[in-house]
Amino acid sequence: MTITPAQIQSASQALRSVLRFDYPADSVLSRYFRDLRELGARDRAFVAEAVYGVLRRKRTLERLCGPEASTRHLVLAWLARVEGTTLRQLGDGLHGRDTDFFTEIKGRESGELTLAESADLPDWLADRLLATLSAEQVVALAQSLNRPAPLDLRANTLKMDRDALVERLKADGIACAPGRFSPTSVRLEGKPALQKHPLFLDGSFEVQDAGSQLLGYLLQPKRGEMVVDFCAGAGGKTLLLGALMRNSGRLYAFDVSDKRLSKLKPRMARSGLSNIHPVVIASENDPRVKRLAGKIDRVLVDAPCSGLGTLRRNPDLKWRQSPEALAELTVKQAAILASAARLVKPGGRLVYATCSLLVEENEAIVAAFLAANEGFALVNAREVLAKQGIAVECGEQLRLTPLAHDTDGFFAAVLERKA
């Protein structure tokens, strides 16, 4: 496929806006495409691929191009060194100095790289990972995070089981197979547009990473129970919990953002669930939270976190996060977990989860909580899943990574209040 001068120019412009890191890359790109409606589908696809490609390999590309590299040079270096693009494929896309730069960067030596540069991570993040991993493990994990994520679906078992969903999708020419871990997951081979598919419109499936689906099976809500999704967001996990409850009992979806929760309502309507009650709260100490103290069978805390387990989808996060932001997050995580724990009745279950890879957001938060709350005990996550027929090597506290499991990076601890 020939790459045009206009595509290279558009990718350079979009990348310039993204690299300010004022907003998430996906929202910057959405705005860029909205402002340039004349860009065709192929042009948009190239721009998005180039921007995300540079974000993934930014350290390597900056080392090759020099610290003052233009966004145009970063795009050209990504094409030359990461994508293996040839001058012939660029057709009339390059002229003069660009041609010289492209040819020279193809063979340029990067010199000796630091660990962080080899892993395409900021120095502080490479150092944090080195606290629990070897240098080789950090690089291998980082390389797995630099690959684009596959597309997973979750079958809505109120409407259709997984096998039936797979057969229907295959009949429609969509290549897919049952997922490895979650009993409801389907892994797609490509990334087809599904927003207008009849089975999406009627709520038979949702897009959801297979690792995220396992959090529902760790909470294991039952028919007729009182359940709280404490940080529900747009409600992907809430919908799974509602289906596991077979649309019975009472499921509260708490979040501090009305905007995020508003996205749950059309998804609820599609899903056929009527047991979900979205509630906007002011904070983890909202009076509506306190009124439920000691009354809830199961509570899921999918805590606000650095999101570093989702770098396959959101590579800009590694450049937008900082040690200072992380320190603020860990204070918030501890406060949310402590507040959510008050809801759990004796014998009830609490699952604390993040999509982070860092110990300070995960094991350290759980250890501090258990030290301060003798009424709670840790339950083996692997055994909880095994009892439901889900075999996954994830540790006593669940740890999933793209390298070991080909899911997003997730952590979860299962805690139970002593009866």
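Right, let's get into the overall build of the protein. Within the protein, the regular secondary structure consists of 22 helices and 12 strands. Taken over the C-alpha trace, the protein has a radius of gyration of 23 Å; the compact-globule value for 419 residues is 22 Å, and the two agree within 12%. Referenced to the eigenvectors of the C-alpha coordinate spread, the extents of the protein come out at roughly 75 × 50 × 40 Å. Classification of the 419 residues of the protein by burial places 52% in the buried group. Taking the intrachain contacts of the protein between residues at least 6 apart in sequence as the baseline, contacts between residues at least 24 apart amount to 71%. Here the protein displays about 18500 Å² of accessible surface, and carbon together with sulfur accounts for 51% of that area.

Another aspect to go through is the environment of glutamate 49. Relative to the assigned elements, glutamate 49 resides in helix H3 (residues 41-56). Judged by relative accessible area, glutamate 49 falls into the partly exposed class, the value being 46%. C-alpha separation for the pair glutamate 49 and leucine 219, spaced 170 residues apart in sequence, amounts to 36 Å. In this structure, glutamate 49 is in contact with Trp78 and Glu83, ignoring residues within four places of it in sequence.

Right, let's talk about the packing of helix H1 (residues 5-18) against helix H2 (residues 25-35) for a bit. It is at 9 Å that the axes of H1 and H2 come closest, and there the two elements cross at 135°. Taken together, the axis directions place H1 and H2 in an arrangement best described as oblique. For the element pair H1 and H2, the recorded crossing hand is right-handed. The segment H1 lies against H2, with Ser10, Gln13, Ala14, Ser17 and Val18 engaging Ala25, Val28, Leu29 and Tyr32. A class-by-class count of the residues in the contact of H1 with H2 yields 6 nonpolar, 3 polar and no charged.

A few words on the pairing of strand E3 (residues 185-188). Of the strand pairs in this sheet, strand E1 (residues 151-155) and E3 are connected by 4 bridges, and their pairing is antiparallel. Residue pairing across strands places arginine 154 opposite serine 185, the latter belonging to E3. In textbook terms, the turn of a hairpin is the stretch between consecutive antiparallel strands, and for strand E2 (residues 176-178) and E3 this stretch comprises 6 residues.

With that settled, the discussion passes to helix H16 (residues 264-271). Three or more residues of H16 are buried, namely Leu264, Arg267, Met268, Arg270 and Ser271. The buried residues of H16 all sit within an arc of 165° when viewed along its axis, so they share a single face. Turned more than 90 degrees away from the buried face of H16, the exposed residues are Lys265 and Ala269. The secondary structure elements touched by the buried residues of H16 are helix H12 (198-201), strand E4 (205-207), helix H14 (236-244), strand E6 (250-255), helix H15 (258-262) and strand E7 (276-280). Following H16 by one or two positions, glycine 272 adopts a phi angle in the positive range, close to 85°.

This paragraph deals with the environment of alanine 142. Structurally, the position occupied by alanine 142 is in helix H10 (residues 135-145). Looking at alanine 142, the relative accessible area reads 4%, which means it is buried. With 22 residues separating them in the primary sequence, alanine 142 and aspartate 120 have C-alpha atoms 7.2 Å apart. Not counting chain neighbours up to four residues away, the residues in contact with alanine 142 comprise Ala119 and Leu121.

This paragraph deals with helix H9 (residues 123-130). Residues of H9 that are buried include every one of Trp124, Leu125, Ala126 and Leu129, and no others. Check the buried side of H9 and you find it contacts helix H8 (115-119), H10, helix H18 (317-320) and helix H19 (323-341).

Throughout the structure, instances matching the rule amount to 7 aromatic pairs. The interplanar angle of 65° and the centroid separation of 6.5 Å between the aromatic rings of tyrosine 352 and phenylalanine 411 together place this pair among those described as edge-to-face. Of this pair, tyrosine 352 sits in strand E9 (residues 344-354) while phenylalanine 411 sits in strand E12 (residues 410-417); the two residues are 59 residues apart in sequence, bridging distant segments of the chain. Of the residues examined, tyrosine 352 reaches a relative accessible area of 0% and is grouped as buried. Through a chain of ring-to-ring contacts, the aromatic side chains of Phe230, Tyr252 and Phe254 assemble into a single cluster. When the ring centre of tyrosine 23 is taken as origin, the NZ or CZ atom of arginine 31, which lies over that ring, is 5.2 Å away.

For the coordinates displayed, the defined rule picks out 24 salt bridges. With a shortest N-O distance of 2.9 Å, aspartate 297 and lysine 345 are connected by a salt bridge. Placement of aspartate 297 in strand E8 (residues 296-302) and of lysine 345 in strand E9 is noted, with a sequence separation of 48 residues between them. On the accessibility criterion, aspartate 297 (14% relative accessible area) is buried. What makes lysine 345 partly exposed here is its relative accessible area of 29%. Where arginine 312 meets aspartate 406, a salt bridge forms, and the shortest distance between an N and an O atom there is 3.0 Å. Residue arginine 312 is found in the loop between E8 and H18, and its partner aspartate 406 is found in the loop between helix H22 (402-405) and E12; the two are separated by 94 residues along the sequence. Given the relative accessible area of 3%, arginine 312 is considered buried.

Analysis parameters
Here the residue index of a chain counts from 1 through its sequence in written order. Where local features are concerned, this predicted model is filtered to residues with pLDDT of at least 70; where side-chain atom pairs are given and counted, the filter is 80 or more; whole-chain, interface and lining totals use all residues. Heavy atoms throughout the structure, all of them, feed into the side-chain values; hydrogens and water do not. The helix and strand labels rest on DSSP assignments: H or I over at least four residues marks a helix, E over at least two residues marks a strand, and numbering proceeds from the N terminus. For the radius of gyration, the atoms used are the C-alpha atoms, and the globule rule reads 2.2 Å times the number of residues raised to 0.38. Each residue gets one of three labels from its accessible area relative to the maximum for its type: buried under 20%, exposed over 50%, partly exposed in between, using a 1.4 Å probe on protein chains only. The contact rule is simple, with two residues in contact once any of their heavy atoms fall within 4.5 Å. Methods summary: accessible areas were calculated by the Shrake-Rupley approach with a probe of 1.4 Å, and residue burial reflects only the protein chains presented. Only the stretch in contact is used when a helix axis is fitted, and all axes are lines through C-alpha atoms; the angle between N-to-C directions ranges over 0 to 180 degrees. Here the angle decides the label: under 35 degrees means roughly parallel, over 145 means roughly antiparallel, 65 to 115 means roughly perpendicular, and every other value means oblique. For any pair of crossing helices, the crossing counts as left-handed if the nearer helix is rotated counterclockwise from the farther one by less than a right angle, and right-handed if it is rotated clockwise. Any residue outside Ala, Val, Leu, Ile, Met, Phe, Trp, Tyr, Cys, Pro, Asp, Glu, Lys and Arg is labelled polar, Gly included; the first ten of those are nonpolar and the last four are charged. Whether two strands pair depends on DSSP finding at least two bridges between them. Note that the arc is defined by the directions from the helix axis to the C-beta atoms. Whether two aromatic rings pair depends on their centres lying within 6.5 Å, for rings of Phe, Tyr and Trp, where Trp uses its six-membered ring; planes under 30 degrees apart make the pair stacked, over 60 edge-to-face, and the rest tilted. In our convention, an over-ring charge means Lys NZ or Arg CZ found within 6 Å of a ring centre and within 35 degrees of that ring's normal. We count a salt bridge whenever a side-chain nitrogen from Lys or Arg sits within 4 Å of a carboxyl oxygen from Asp or Glu.

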